Amino acid sequence: MIKAPECSVIVITYNDAARLPRAVRSVLGQSLRNIEVIISDDGSTDGTEQVARTLRRSDRRVRYLRRDVNSGGCGAPRNDGVAAARAPYVMFLDSDDELPPHACKSLLLEMERTGADFVTGQISRLHEWNGRIKPYYPGLFARRRVVEGIAGEPDMFLDSFSTNKIYRTATLRELPFREDLHYEDHVFTTELYCVARRFAVVPWVVYLWHRAAEGDGRPSISLSLREIDNVRHRIRAAWLSDDLLRGNGLAGLVADRQRRFVRHDLPVYLNPLPSRGPVWAREFAGIVRPYLAGLDAGVLDGADPLVRVCCHLILDGDADELVVAARSLTTPRAAPRYAVRRAGRTYWGTAPERELEITSLRMAELPYGAARLRHEAAFRGDGSRLALTVRTYDPFGVLTATPGWRAFARFGGHRVELAPRVLDDGSYLSEASVDLARAGRGRFGHESFRDPSISIVRADGRDTSDRLLVDPAAEPVRIAVPGHEIVAGPEGQAAFLRIRWRRTGALRWIMPRLGRLRAGLVRRLGAPRVKLRVYRTLIRFVPPRENLVLFEADVGAGYTGNPRYVYEELKRRRAPYEMVWSVARNRRNFPAGTRLVRRMSWRYLWTMARAGHWVDSHGLPLAYPKPAGTRYLQTWHGQGVKTVGFDAPDLRADFDAPRRTWREAVARWDALVMPSAEFERIFVTSNGYQGPVLRHGSPRCDVLVNGDPDAVRRARERLELPEGRRVLLYAPTYRDRAKFSGASVRADLAVMAEALADDWVVILRTHPVERYAVPERLRHFVRFAGGYPEVNDLMLASDALLTDYSSLMCDYAVTGRPMFFLLDDWDEYRRAERGVNHDLPAIAPGPCVTDTGELVRAIRSLDADPAAFAAEHAARYAAFRATWCAEERGDASARVVDAFFGAVPAVRHRAVVPVTEGVR
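What you see is a predicted model, and the numbers here were worked out from it, not measured in a lab.

Enquirer: What exactly am I supposed to notice about the overall build of the protein chain here?
Expert: Along the backbone of the protein chain there are 28 helices and 36 strands. Whereas a compact globule of 920 residues would reach a radius of gyration of roughly 29 Å, the protein chain reaches 32 Å, a difference of no more than 12%. Along the first, second and third principal axes, the C-alpha atoms of the protein chain reach 95 × 80 × 70 Å. The 920 residues of the protein chain split such that 53% are buried. In the protein chain, of all internal contacts separated by at least 6 residues, the share reaching a separation of at least 24 is 70%. As presented, the protein chain carries roughly 40,400 Å² of accessible surface, and 51% of it is formed by carbon and sulfur atoms. Here the protein chain contributes 137 positive and 114 negative side-chain charges, whose respective centroids are spaced 7 Å apart.

Enquirer: How should the pairing of strand E27 (residues 611-616) be read in this particular structure?
Expert: Looking along a regular strand, one sees side chains alternate from face to face of the sheet. In terms of burial, E27 is a largely internal element, six of the six residues being buried. Pairing analysis gives five bridges linking strand E24 (residues 545-552) to E27, with the strands arranged parallel. Its bridge partner being in E27, Val 549 is matched across the sheet by His 613. Here E27 pairs with strand E28 (residues 631-634) via four bridges, running parallel. The residue of E28 that forms the bridge with Asp 616 is Gln 634.

Enquirer: Looking at this model, I keep getting lost on the sheet that holds E28. Mind explaining?
Expert: Whether parallel or antiparallel, the strands of a sheet pair through hydrogen bonds between backbone atoms. With parallel pairing, seven strands are arranged side by side in an open sheet as E26-E25-E24-E27-E28-E29-E30. The strands lining the two open edges of the sheet, one partner per strand, are strand E26 (595-598) and strand E30 (693-694). Note: E24 against strand E25 (residues 578-583), four bridges, orientation parallel. If you follow Phe 551 over to E25, its bridge partner there is Trp 581. On the sheet, helix H14 (residues 561-572) packs against E24, E25 and E27 and is oriented at approximately 160 degrees with respect to E25.

Conventions we followed
- Residues numbered from 1 in each chain as written.
- Predicted model: local features only at pLDDT ≥ 70, side-chain atom pairs only at ≥ 80, totals over all residues.
- Heavy atoms only, no water.
- Helix = DSSP H or I, 4+ residues; strand = E, 2+ residues; numbered from the N terminus.
- Rg over C-alpha atoms; globule rule 2.2 N^0.38 Å.
- Buried < 20%, exposed > 50% of the residue type's maximum accessible area, 1.4 Å probe, protein only.
- Contact = heavy atoms within 4.5 Å.
- Areas by Shrake-Rupley, 256 points an atom, 1.4 Å probe, with all protein chains shown as cover.
- Lys, Arg positive; Asp, Glu negative; His and termini not counted.
- Charge placed at Lys NZ, Arg CZ, Asp CG, Glu CD.
- Pairing = 2+ DSSP bridges.
- Axes fitted to C-alpha atoms, helices over the stretch in contact; angles between N-to-C directions.

As structure tokens, this is what we get:
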């Protein structure tokens, strides 16, 4: 007797012979082995039938159903599969997608564990052209849970897929898919939500939704967005879904489902609307208008402001302005042509209508460097030249408020000055012409692109720039130059101007091959093992030079930290040393005349081998031994509550190789800067250091003790910090298990902006291993400083610090200014994440809060009575400073130089003017 399958996976297909095997293999390879695959063929006319029959012969778990005539949708083949299913549970798969290996088993186990009517999991888009995976509304699936009916979580209406779920077969036989429309999933899942008493949600990916590059094969129904009939089907599905809710006694949830339409379905068509043309836009508006007119009260109130503007324009029948507005929805998210400000509120267009309010975007409140203008351009070719006619709109009065500005058209590093003239409507008209044959072509030819922009430069040199919008239907301009074809034309859904360089002739074939050959040679000759072997040979035969000093801070990231201030003290004394700085990738904030060497280049290795002194803040290349006679000053880069050395996650595990490498690296140090007794107590033991310690404080903290008005001015000017508002420096540390994810920015900046923007501005200083982009709507309140070269400038320019576990807290305590600590993940951080050596909530010199609401209240308490705030935390602040800052007297640089280099007097002598070396 053949054992019945535990789960039936119905793979629907139509004319998809090439991709069907991949889909079926993803099911046959499931960790749940007792499974059946039902291929439900909707009347394919290509080779799908032959492929399906071959798959059936290769594995007896595969069954094949075929319709004689294509049904035109997905409902009929799914119903056929359900009718044929032999298992108690069913899942669906489209033939152009895949199931992850454990999808079936994990969902089935969750169904049986919870007793839910169905289980739904994360669906992720897999972009085939770059291999990137992007989860669909990850917030919906952030936690594992059981939901007691859709009324408990109406946001789940956003999950309208049938393919990321497992169902009881009996349930599906009572809820057939409609066969008379596309987007049958929307209607089906609405009815499913109506009848389900409870359903489970899991946070892992259970479905990979393949997204092919545009023009790569036949698009799916959901991607056939150019067809106006596609809009009709989606609107009909929306009507039917709303009626189902009303018919099942859930009229109170209709507004929630309609919010899903406004948030997700409508932007699917609005985003590419500019490229569709005016006729398509008018027809689209006519189809959508009746549904929008029937929305429940309040549905549009919480919508994205620009989507709400588009809805209002659809209802007003203004299709031309609708296209203008739709170009603000996607990159480059263009500013409006016109805007009105009344009583502190901002409105799209020329009239202050409530439905057109865009205040929450804060576009009118941005600092000058981020200010928004709109540039619409016409372009034409003239020989090798590209001629532009540019119309510039200044909706927020930026140019009016900026006397003495100049305008330039930028083409990469090439720019052309414009002579704008004011038109009667307040916009500006200008013309530019650039010879593309001379603008940006490489020595040996390249394939690349550039997006021209218009840059408005004010009298002090600061500029603001935006890309150029062009007619989406404009024919590209093609210009032939030796070795290249240059193509200028519209790009993206909003249609901005892009210029592409493409190799032609022999270069098209030769350069890629030469590039690969060169890359191969560089890899072989510059391989780490080769460099290390050469370096070891060098230090055996080449003696170090006593007067050569190699400086490195933050693994070559810049001119900062303790090494910077040791270097400046030596420079101040005109010490008889030749000093060279290590730099990674590019130069960052190094003073003019500084000798630089590219980190890990051959010249760098030569400098390491020859230098009589190394001064570093993190760790010079770990595997490279120190030459005999060279002295190494390790200044380190911070102290605080986090674990370090062998107690930190990367060395905590019992793997001998990395621990041995670090032990050998530490053994190279000849002296260690020791900022505090507490640092010494923890750091020396945690790193197994046994050498001399310099108990003189941190050179980098001297400026925090002594102050530096120029540093404050630099920070205020560069970050455009507004006068009259206090400055909060927000400096969170990274999470070891979520580097480069943005997860360290845990404060809700939008909530903070709403509560504090009238009185405060935030400098956001993320850790170098973090990636975070501040949304434009928050840039009036948040100044991003992740790449700002010197953190001391930021501390001096701030009035208070917000952090979590960053070592910055110990330096900031030198200033005596208020500190706040957002410790929402304290238990996780100390137990499962980095780990700590101190109970931070017990010793923190300021309020410890667990959410943004608490944080806002704490900051407000500082605003209300600074003296009372200081008094409340004075005892712990004093104890904290005594623990971490007792040695900070403002002269650590001088004392460290004396201790390590000897008493180098500040004497006059003929200085050798250093020659800036190119970075190699």
